[in-house]
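Structure at a glance
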Amino acid sequence: MGEETPKENGPVTTAAVTNGDDHDRQGEAEADGGAASRLARRKSIRDQITGIGDLVLLDPLTEEALLTNLRRRYSNDEIYTYIGLVVISINPYKSLKAYSSDVVQEYRSRSVYETKPHIYAIADSAYRWLRDKHQNQCIIISGESGSGKTEASKIVMRYVASVCGKEKEVDRVMQMLLQSNPLLEAFGNAKTTRNDNSSRFGKYMEIEFNFKGEPLGGEITNYLLEKSRLVAQAEGERNFHIFYQLLASAAVSQLQGLRLKRELDAYHYLRGAGGVREESDINDKANFKDVELAMVAVGLKKPEMRAIFRLIAAVLILGNISFSSVERADEDEACELNGRQAVQDLGFLLEGDEAILEKALTEKTVDTLKEQVTVALSVEKAMFARDALAKALYGRMFNWLVHRVNNSIKVTAAGKRKSIGVLDIYGFEIFKLNSFEQFIINYCNEKLQQIFIELTLHSEQEEYEREGVKWEHIDYFNNVVVCDLIEKPNTGVLSILDDECLRPGEVSDMTFLHKMDQRCLKHEHYSSRASKQLHSDKTLPRNAFRIKHYAGNVAYCVDGFIDKNKDSLHRDLSRAMYSCDHLLLKLFFIEGDPENKSLKRAPTAGYQFKASVSELMKNLTSKNPNYIRCIKPNDLKKPNKFDDDLVLHQVRYLGLMENVRVRRAGYAFRQAYNLTLERFKMLAPKTWPMWKGPPRQGVVEIMKHLKITNKEYACGRSKIFIRNPKTVFDLEDQRRESLNRIATLIQTVYRGYVCRTRFLALRWATNIFASNWKCLLQQRQFLALRWAAVMFQSYYRGLVERRKYNAIIYGRKCEWAATIIHKYYLGWKVRKENRKKLRSVAGPILTRCARKWLRRRFLFNLRANLPSSSPTHQEWPPCSPLFRDASKLLKDLHHTWRCSLYRQNMEDNPRRKAIFLEKLVASKTFSGRKACYVASVGKPFVGDELRLANDSRWMTIAAATNDPLVVWSGTVMKIHRASGTCVPKVLAITSKAFLVLDPKTMKSTYRVSLLNLLAVSCSTLKDNIVVFHIKPGSEGDAAKKGDFLFQAPRVIELVTKVKRVAQDIQRAAFTVNISNQTEFRVKEQQVQLNFKPSPQRLDAPLCKRNGAKMEVLV
Ligand SMILES: Nc1ncnc2c1ncn2[C@@H]1O[C@H](COP(=O)(O)OP(=O)(O)OP(=O)(O)O)[C@@H](O)[C@H]1O
Ligand SMILES: [Mg+2]
C-alpha cells in the first residue's frame, strides 16, 4: 500500500490480535467507556494517525509498502508502529513530546487500540494484565546497537513508576530503580561507533509488585560486561564512561588524592586505537553529578564511594605500568617494570605492598609435580597479566555495584508477588573486527530471536494445526539451527571452545579454529577459510570463522577467544590483591585467600554466559511476553534521516514481514468455545440467558444469528477463530450495547424489586402501626367506659343503699322516738297517776338505787384501771368528786399493800437486799450533795472490778496481810500530795484495810488498816477525787506520810463501800465530808484543798499544789 492508504481500512491497531487472551485484555480495558464514545474516539484517533498504525492492515503487504509506511510515520515523528501487540520503535535521535505526563494520562487504563501506537500502551497493557489478571509479564526489547533499547526500557520504567501507587515506599522503590540507571550506565556503557551510550552489558530488570499492583522492589541481573573494552578500544570508540566522567569532574585535590591527572592521554587505557579525541557530545561533567547522586540514592556509604574511586584510579594507573625485557641467567625471558611511579601509586591506591604487587606483575608461581616454582614472565605475558588484572578489578567492581543496587531495592515484605521483567540486552553487533564479546552478544540476540519466533510465529502456526483450522502456511526463517550451532553440547561452538580451554597440551586460538573446522564445517551457517568455496576468499581472514546469523553474516576473529573464555587471573595476582588493605579487594578476590586451597577451576566465561542465558530464557518463557522491536534509522546518529537500506535490512532480519504475514494469514481472534459463549451469549436469543447444548454449537448459533458469514470465522477443535478484527470489534460493540440493555433491564427489575420491597415493608409497618394505634385507642376507650360504668354503678348502688339505709335509720329513729314518746307518755301518765305517792315513797328508793349504781361503777372502774405494783409509781385513776375521799383512802391502802409486797420480795432475795442497803447508804450520803450521784443511781455497784479474788498475785498478798475479802478494786490515779501529779495505781478495799498496788507487778505499795481511816472527803462537783484522811499518829509508814488523794472511777461506790466497811470495823459512825473546801495532811503539814469548776471543759480534774494550798479544777 502506498502513501494514500485509505483510512477506512478498519480499526487502527490490534487488527491482528494473536490470541484470545490478548483480546480479552482489550475487551476488559473497554469496560469503562460507552460504545458510542469509544467509536467516536477510535475515529478521531484514526484521523490523527499518519499512515497505518498497525502493519497487519497494510495493503498490499510488500517490503516497499512497509518501508514507505514506516518512513512516512517516522518523518511525522510517529516512531511507534504495531504489528498486533508487538511495538516497532524507530530511534528518533531527538527529544519528542511523546512522553509528558499528559500523554501518560492519555494511555492510562486505556485499551491498546483506543490510542495511538506507543510504548506506553504496551507498558500499560502489561501492567494492568499483571495487576488485574495476576500474570507475570516480561517486556523484551530487542534491536541492534543504537536502536534505542535502553531508552525504551527507561520509558517503560518511567511509565510504570507514574501509573502505579504514589505511596512513600512505592515511590522510593521506583525512584531507586530509575536512579540506578545513571550509575550502571556510567560503569557499563561506553561510546561505540554505533552508539554514544552503548550498553556494554546485558540488563534484565525485574520489578516485583504486591497484589494491589504496587511495586515492592526489584532485582537487576547483569550479563557479561564487555571487559576487553577496558584495555583496548576500536577507533572512534571510548572506554567506559566513568573514567572520563571522573577525570573531567573531580576537583584537583581529589585527583591528587587519587594520584590522577586530568589529561586523558596520560592513560594508556584511554588512548584507544585512534588516540584520545576530545570532541564529543557527551556531557561527562553533568553525567558525573548524576552518578554521584545515584551512588547516594542506592545507599553507598562515603568510604565505599571513596573505595570505588580508588579502584577506578587504580585501573587507569595499572594500564600505565609497562615492562621491558631483562636478561637473567636462569630464565629464558624475563621482564622488569619501566619506572616505579606507577606501581607506587598502585600500592597507595590499593593499600597494598608495592613489592608484592611488582612481584605478582612480573613473575608467576607454577605448580610442578613436586614443588612450586617461580617463573619470570616475558614482557608480553606480563602485559597480558596486567590487562587481566585490570579487567578482573573492573568486572568484579561492576558486579559488586549491581549487587549493592539489588540490596537497596530488595523485596523484604512477605507474601505473594507478581513481576514485570524488562530485558535490555546488548543489540546485535557487526564490527570490522568481531571478537569473543561480539560472538557472545550475537548469540544472546539469536536466543532472543528464537524466543520471539517460538512465542509468536511458531506457536501461532502450531495452534492452527492443532485446532485443525485451514490456513495459509507462511515460511519464515527459524534460527534454531544457528542457536544449535553455537550452544549444542559437544558440537556447538561454545562447547568446542570449553573443550579447548580445558584440554591439556598446547592450546591456542588457532587450534580452536581448527577444531571448529573439523566439527562444524558441514553446517550451513558456519564457514571459514577451510571451506572449499571460501578457500581463496580474502575477505575472510585465516584466523576467523563466519556465522550466518539471523541478522546477517558475521566473521569472528578467533584471537583472544581462548583467554577471554578462560577469563582467569593467575594465582599470584589474586593473592596480591587479597593481601591489600583496600576496603573491597578481600571481597573481590576471595580465591586469593592463602587459606583457600581449592584447586577447582572457575567455570569459563562462555559456559557461565550460556547458563545465564538459558536461565533468562526459562524466566522469559514463564512470563507473558510483550515485544518492543527497536530499529535504527541511520548510522549517523542523526534525527530525521531514514536510511531505507539500513531499515530494510533490520526489517528483514527481525522477520517483521513474516510476523505480519502470519498474523494476516491467520485469524485475528481465537478463544475457547466456552469462554466465547460466556462472553457473547447475550447476542442471540437462543443462547441468552442459558445455552444447554455444547458450547461450540452455542457459539455457531450466535454467529448465525448475527449473520456472520462462514468465511469470516472457522471452528477449531476447542476454539473459534475469527478472521477479521473488525468482526471482533463489531461483536464487542454489540456485546457492549447488549450489556447496556441488559444492565438497564437488570436495573429496572432491581429497582422495581427494591421499590416493591420498600413498599411492602412500608405497608406492613403502616398496618402494624395502625392496628397497634387503633388497639391502643380502643383499649383507652374501653377502660374509660368501664371506669365510667363502674362509677355510675357504684354511685347508683350507693344511692340506693343510702336510701335504704336512711329509710332504716329513719325507721329506727321513728321507733326510738315513738318509744321515748311512749316512755315519757307512760312516765307522765304514771307520774300523773301516782304524783302524790312519788315524793314520799319512790324518791328515796330511786336515790338509793342511783347511788348504789354510781358506787358500783366507781369501784369497777378503779379495779379496771389500777396503777402498777411499783412502790415508786405515783399515778392513780381520776374519780368523781363524789368519791374523792374514798379514792384517797383506797390509794393509800393500795400503796401500803404494794410496799409490803415489795418488802416481802426483798426479804426473799438477800443479795438484792444487800445491794439496796448499799444503795441506801449511798443515797443517804450523797443524795443532793454530790453532782455525780444522780448518774450513779441507775448503775449497779461492781465491787471487785479487777477480779483480784482470782488473781494469784493478789492471793499471795492477801494471804500475807490476811485480807481475804475484796469489797472494791479498780485502777486509780494516785495524786502526788506534794506536786499534784498523778500516777496510775491499783486500789483495793478489803474488809480490813485499803491497799495501794503497783499496776504492773501487783506488789503492795501501801497498806492502811481501815481502823486508821479517819474520814473520807470529796467535793460536791462532778469530779472523782476522793481524800482518805488517816488518823494522825497511826501506826505504819503509809499512815505517817499523811492522807491519800485518789482520782478513782465509780467514786460514789468507792466511798459508800469504804463507809460501810469502816463503820463495821470501827463500830462507830464514819464521816464522809462533802465539801469543796477541805484539808489534807502531808506528814505533819495541813494542806488546804479547794475544788473549783473550770471555765473550760476538762477531760480530767487538774490538781495544782501551791504551798499549803492545792487547787483542783474540775
Ligand atoms: N525514544 C527516544 N527518544 C529520543 N532519543 C532516543 C530515543 N531512543 C533512543 N534515542 C537516542 O538514541 C541513543 C541510543 O539509544 P540506546 O542507548 O537506547 O540504544 P541501544 O539500543 O540501547 O544500544 P546498545 O545496544 O548499544 O546499548 C540514545 O542515547 C538517544 O540519544
Ligand atoms: Mg543500550
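Residues numbered from 1 in each chain as written. Chains lettered and ligands numbered in written order. Predicted model: local features only at pLDDT ≥ 70, side-chain atom pairs only at ≥ 80, totals over all residues. Heavy atoms only, no water.

What follows concerns the overall build of the protein chain. Along the backbone of the protein chain there are 35 helices and 31 strands. At 66 Å, the protein chain has a C-alpha radius of gyration far larger than the 32 Å of a compact globule built from 1114 residues. When its C-alpha atoms are laid out on the principal axes, the protein chain stretches across 195 × 110 × 50 Å. When burial is assessed residue by residue, the protein chain has 48% of its 1114 residues classed as buried. (Helix = DSSP H or I, 4+ residues; strand = E, 2+ residues; numbered from the N terminus. Rg over C-alpha atoms; globule rule 2.2 N^0.38 Å. Buried < 20%, exposed > 50% of the residue type's maximum accessible area, 1.4 Å probe, protein only.)

Let us now look at the sheet that holds strand β13 (residues 526-528). One open sheet holds the three strands; their spatial order is β13-β14-β15, and the pairing between them is antiparallel. At either margin of the open sheet sits one strand with a lone partner, and together these are β13 and β15 (552-557). With direction set aside, neighbouring strand axes in the sheet form an average angle of 25°. As paired elements, strand β14 (residues 544-549) and β15 share six bridges and run antiparallel to each other. (Pairing = 2+ DSSP bridges. Axes fitted to C-alpha atoms, helices over the stretch in contact; angles between N-to-C directions.)

Before going further, it helps to examine the site of ligand 1. The immediate surroundings of ligand 1 are formed by 19 residues, with Asn91, Ser145, Lys149, Thr150 and Ser198 found nearest. With respect to ligand 1, the side chain of Asn91 contributes an N or O atom lying 2.7 Å from an oxygen atom. Between Thr150 and ligand 1, the recorded distance is 2.7 Å, taken from a side-chain N or O atom to an oxygen atom. Protein contacts shield 86% of the accessible area of ligand 1, which totals 630 Å² for the unbound molecule. Sorting the residues of the shell around ligand 1 by element identifies α6 (149-163) and β5 (198-199) as the ones contributing at least two each. (Near = heavy atom within 4 Å. Polar contact = N/O pair within 3.5 Å; in protein donor to acceptor, adjacent residues only side chain to side chain. Areas by Shrake-Rupley, 256 points an atom, 1.4 Å probe, with all protein chains shown as cover.)

The next thing to look at is a nonpolar patch on the surface. Among the surface-exposed residues, Phe769, Trp773, Leu776 and Leu777 lie close enough to one another that they form a single nonpolar patch of about 410 Å² accessible area. Within the secondary structure layout, Leu776 lies in helix α29 (residues 725-864). You can call Leu776 partly exposed: its relative accessible area is 31%. (Patch = residues over 30% accessible without salt bridge, like charges linked within 9 Å, V, L, I, M, F, W, Y side chains within 5 Å. Salt bridge = Lys/Arg side-chain N within 4 Å of Asp/Glu carboxyl O.)

Take the packing of helix α3 (residues 63-75) against helix α25 (residues 644-653) next. α25 packs onto α3 with a crossing angle of 115° between their chain directions and a minimal axis gap of 11 Å. α3 and α25 meet at a crossing whose hand is right-handed. Side by side, α3 and α25 meet where Glu63, Leu66, Leu67, Leu70 and Arg71 of the first sit next to Asp644, Val647, Leu648, Val651 and Arg652 of the second. Partitioned by chemical class, the residues of the contact of α3 with α25 number six nonpolar, no polar and four charged. (Left-handed = near helix turned anticlockwise from the far one by under 90°. Contact = heavy atoms within 4.5 Å. Nonpolar A, V, L, I, M, F, W, Y, C, P; charged D, E, K, R; others polar.)

The next point concerns the packing of aromatic side chains. What the rule picks out here adds up to 34 aromatic pairs. Judged by centre distance (4.9 Å) and plane angle (70°), the ring pair of Phe201 and Phe398 falls under edge-to-face. With Phe201 in the loop between β5 and β6 (202-209) and Phe398 in helix α16 (residues 379-409), this pair connects stretches of sequence that are 197 residues apart. Accessibility classification places Phe201 together with Phe398 in one group, the buried group. Ring centres of Phe428 and Tyr653 lie 6.0 Å apart, and the angle between their planes is 40°; this geometry places the pair in the tilted category. Of this pair, Phe428 sits in the loop between β12 (418-424) and α17 (436-467) while Tyr653 is found in helix α25, placing the two residues 225 residues apart along the sequence. One exposure class covers both Phe428 and Tyr653, and it is buried. (Phe/Tyr/Trp six-rings, centres within 6.5 Å; stacked < 30°, edge-to-face > 60°.)

Strands sit in the order β17-β19-β18 across an open sheet of three strands; the sheet is antiparallel. The open sheet has two edge strands, β17 (669-672) and β18 (713-715), and neither has a second partner. Taking the axes of each pair of neighbouring strands and ignoring which way they run, one obtains an average angle of 15° across the sheet. With four bridges connecting them, β17 and strand β19 (residues 719-722) associate as antiparallel partners. Bridge pairing in β19 places Ala672 opposite Lys719.

Moving on to the nonpolar core. Taken as a class, soluble globular proteins show a tendency for nonpolar side chains to be buried jointly. Counting 192 residues, the largest nonpolar core has Phe187, Phe243, Leu260 and Phe545 as the members making the most contacts within it. With 15 residues, α16 is the single largest residue contributor to this core. Listed in part, the 36 residues of the second largest apolar core include Phe994, Val1026, Ala1062 and Phe1070. (Core = buried A, V, L, I, M, F, W, Y, C linked by side-chain atoms within 4.5 Å.)

Mapped onto the elements of the fold, Arg661 is located in helix α26 (residues 656-665). Classification of Arg661 by relative accessible area gives partly exposed; the value is 33%. Along the chain, Arg661 and Ala414 lie 247 residues apart, while their C-alpha atoms are 46 Å from each other. Apart from the residues lying within four places of it in its own chain, the contact partners of Arg661 are Leu61 and Ile474.

Our focus in this paragraph is the side chain of Gln650. Within the secondary structure, Gln650 is located in helix α25. With a relative accessible area of 0%, Gln650 lands in the buried category. Among all residues touching Gln650, those that are not within four sequence positions of it are Glu144, Cys630, Ile631 and Lys632.

All right, on to the pattern of salt bridges then. Within the structure shown, the criterion is met by 46 salt bridges. The closest approach of N and O atoms between Glu63 and Arg652, which form a salt bridge, is 3.0 Å. Taken as a pair, Glu63 in helix α3 and Arg652 in helix α25 lie far apart in primary sequence, 589 residues in all. Assessed through its relative accessible area of 48%, Arg652 is described here as partly exposed. For Asp951, the salt bridge goes to Arg953, with nearest N and O atoms at 3.4 Å. Taken together, the salt bridges that share partners define one network made up of Arg200, Glu226, Arg229, Glu237 and Glu429.

Protein-derived coordination of the magnesium ion (ligand 2) comes from Thr150 (OG1) and Ser199 (OG), at a distance range of 1.9 to 2.1 Å. Placement of Thr150 in helix α6 and of Ser199 in strand β5 is noted, with a sequence separation of 49 residues between them. Residue Thr150 shares its accessibility class with Ser199, and that shared class is buried. (Donors = N, O, S within 2.8 Å, 3.2 Å for Na, K, Ca; no water.)

Excluding glycine, residues mostly have negative phi values, and the peptide bonds linking residues are mostly trans. Of the consecutive residues Trp688 and Pro689, the connecting peptide bond is found in the cis state with omega at 0°. Looking at the element boundaries, Pro689 is found in the loop between α27 (673-680) and α28 (695-705). In this structure, Asn490 is a non-glycine residue whose phi angle is positive, near 70°. Of note, Asn490 is situated in the loop between α18 (480-487) and α19 (493-502). Non-glycine residue Lys1083 carries a positive phi angle of around 50°.

For the protein chain, the mean per-residue pLDDT works out to 86, and 93% of the residues sit at or above 70. Taken element by element, the protein chain is modelled with least confidence in helix α1 (residues 20-30), mean pLDDT 38, and with most confidence in helix α13 (residues 302-319), mean pLDDT 95. Contacts from residues 1-47, a stretch scored under 50 in pLDDT, to residues over four places away or in other chains number 118 contacts. (pLDDT = per-residue confidence, 0-100.)

The term disulfide refers to a covalent linkage connecting the sulfur atoms of a pair of cysteines. What the rule picks out here adds up to zero disulfides. As a non-bridged cysteine, Cys932 has Cys1018 as the owner of its nearest cysteine sulfur, 7.6 Å distant. (Disulfide = S-S within 2.5 Å.)

Of the positions making up α28, those classed as buried are Gly698, Val699, Val700, Ile702 and Met703. Of the residues trailing α28, Lys707 is marked for its positive phi of about 60°.

Relative to strand β31 (residues 1109-1113), strand β29 (residues 1085-1092) runs parallel, the two sharing five bridges. Bridging from a neighbouring strand, Asn1090 pairs with Glu1111 of β31. Across five bridges, strand β30 (residues 1102-1106) lies against β31 in antiparallel orientation. Paired with Cys1103 across the two strands is Val1112, which belongs to β31. What sits between β30 and β31 in their antiparallel hairpin is a turn of two residues, with Gly1107 showing a positive phi close to 65°.

What follows covers the side chain of Asn624. Mapped onto the elements, Asn624 comes out in strand β16 (residues 624-631). Separated by 3.1 Å, the side chains of Asn624 and Gln137 make a polar contact.

With that settled, the discussion passes to α19. Most of α19 sits inside the fold, with eight of its 10 residues counted as buried. Looking only at α19, the buried set comprises Val493, Leu494, Ser495, Ile496, Leu497, Asp498, Glu500 and Cys501. Lining the buried residues of α19 we find α17, α18, α20 (509-520), β14, α21 (561-566) and α24 (605-621).

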